[in-house]
Amino acid sequence: MTEMLPIENYMPHRGAMLLIDRLLAADADGATAELQVPRDGLFLQDEGMPAWVGLEYMAQTVAAWAGWRALQAGQPVKLGFLLGTRKFESTALFFAPGTRLQVQVQCELIAENGLGMFACSILADDQVCATARISVYEPEDGSAYVQALQTTEN
């Protein structure tokens, strides 16, 4: 098994927006990442981390997988976008602070135009606590794509 680099090597997220701690494993079909639910910071509420933040955990795991694949191919890590989700289910409304979560993503489809679909799950203590299918988009040039979006908004 290949030793993984620090998570920042695989994705563009930084600072408070980097929500996963490390990439545990990756292969051609998917990846597993890990995080510890923070005790303070972005999105946290009195009851804990809202389960819907799990969608971002899933999306960031997909981003880390895409970055891993890019580096394996000698290419730069690209900017990607979470488009949406289907069938999000969670066994709880919140993740307790301090809980260690594993996020698993399995690629179901990647089209030539950069659209992708992934089956995702979040595990706590080896028990599935959330699942979803997410849609993502990785344009060829993410910066140009964002710039084009900003231009059309004005």
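For the structure itself, look to the data block above.
Per-chain numbering applies: the sequence of each chain, read as written, is numbered from 1 onward. Totals for whole chains, interfaces and linings use every residue, but because this is a predicted model, local features are given only for residues with pLDDT of at least 70 and side-chain atom pairs only at 80 or more, for both listing and counting. Computation of side-chain values covers all heavy atoms of the structure but excludes hydrogens and water.

This part covers the overall build of the chain. Strands are runs of DSSP state E lasting at least 2 residues, helices are runs of H or I lasting at least 4, and numbering of each runs from the N terminus. Looking only at helices and strands, the chain has two helices and eight strands in total. Along the chain, helices (α) and strands (β) appear in the sequence β-β-β-α-β-β-β-β-β-α when read from the amino end. The C-alpha atoms of the chain give 15 Å as radius of gyration, which agrees with the globular expectation for 154 residues (15 Å, within 12%). Viewed in the frame of its principal axes, the chain has a C-alpha envelope of about 45 × 40 × 30 Å. Three exposure classes are used, based on accessible area relative to the maximum for each residue type with a 1.4 Å probe and protein chains only: buried under 20%, partly exposed in between, and exposed over 50%. By the burial criterion, 36% of the 154 residues in the chain qualify as buried. Here, two residues are considered to be in contact whenever any of their heavy atoms come within 4.5 Å of each other. Taking the contacts inside the chain whose residues are at least 6 apart along the sequence as the reference set, 64% of them involve residues at least 24 apart. A 1.4 Å probe and the Shrake-Rupley method give the accessible areas. Residues count as covered only by the protein chains that appear here. Per element, the accessible surface of the chain, about 8900 Å² overall, is 51% carbon and sulfur. Across the chain, 9 positive and 19 negative side-chain charges occur, with their mean positions spaced 3 Å apart. Restricting the calculation to C-alpha atoms gives the radius of gyration, and the globule rule supplies 2.2 Å times the number of residues raised to the power 0.38. Under the convention used here, Asp and Glu are negative, Lys and Arg are positive, and both His and the chain ends fall outside the count. Charged groups are reduced to one reference atom each: NZ for lysine, CZ for arginine, CG for aspartic acid, CD for glutamic acid.

On to the side chain of Gln-60, then. With respect to the secondary-structure elements, Gln-60 resides in helix α1 (residues 54–72). The buried category is assigned to Gln-60, whose relative accessible area is 0%. If we skip the residues at most four places from it in the chain, Gln-60 touches Met-11, His-13, Met-17, Leu-18, Leu-19 and Ile-20.

What follows is about the pattern of salt bridges. What makes a salt bridge here is a side-chain nitrogen of Lys or Arg within 4 Å of a carboxyl oxygen of Asp or Glu, nothing more. In this structure the tally under the stated criterion is four salt bridges. The residue Glu-34 makes a salt bridge to Arg-22 at a minimum N-O spacing of 2.4 Å. A residue pair is termed long-range when its members are at least 10 positions apart, and Glu-34 in strand β2 (residues 30–36) and Arg-22 in strand β1 (residues 22–27) qualify at 12 residues. Glu-34 sits in the buried class, given a relative accessible area of 7%. Ionic pairing is found between Glu-108 and Arg-133, a salt bridge with its closest N-O pair at 2.6 Å. Linking Glu-108 in strand β6 (residues 100–110) with Arg-133 in strand β8 (residues 127–137), this pair joins segments that are 25 residues apart in sequence. Here Glu-108 falls in the partly exposed class, since its relative accessible area comes to 41%.

A few words now on the environment of Thr-99. Position of Thr-99 relative to the elements: it lies in the loop between β5 (94–95) and β6. Not counting chain neighbours up to four residues away, the residues in contact with Thr-99 comprise Leu-35, Gln-36, Val-37 and Ala-124.

With that out of the way, let us pick up the sheet that holds strand β7 (residues 115–124). Here the rule is simple: two strands pair whenever DSSP picks up at least two bridges between them. Spatially, β1-β2-β6-β7-β8-β4 is the arrangement adopted by the six strands of the open sheet, whose pairing is antiparallel. The open sheet has two free edges, formed respectively by β1 and β4 (81–90), since each of these has just one partner strand. For this sheet the average axis-to-axis angle between neighbouring strands, irrespective of direction, equals 20 degrees. As paired elements, β1 and β2 share five bridges and run antiparallel to each other. Directly across from Asp-27, in β2, lies its bridge partner Gly-30. In this description, a line fitted to the C-alpha atoms serves as the axis of each element, helices being fitted only across the stretch in contact, and the angle between N-to-C directions of two axes falls anywhere from 0 to 180 degrees. Across the sheet, α1 touches β1, β2, β4, β6, β7 and β8, and the angle it forms with β6 is around 60 degrees.

Only centres within 6.5 Å qualify two rings of Phe, Tyr or Trp (six-membered ring in Trp) as a pair; their planes then separate them into stacked at under 30 degrees, edge-to-face at over 60, and tilted for everything else. In this structure the tally under the stated criterion is three aromatic pairs. On the basis of an interplanar angle of 75 degrees and a centroid distance of 5.4 Å, the ring pair of Trp-65 and Phe-118 is categorised as edge-to-face. Taken together, the residues Trp-65 in helix α1 and Phe-118 in strand β7 connect sequence positions 53 residues apart. Residue classification places Phe-118 among the buried positions, given a relative accessible area of 1%.

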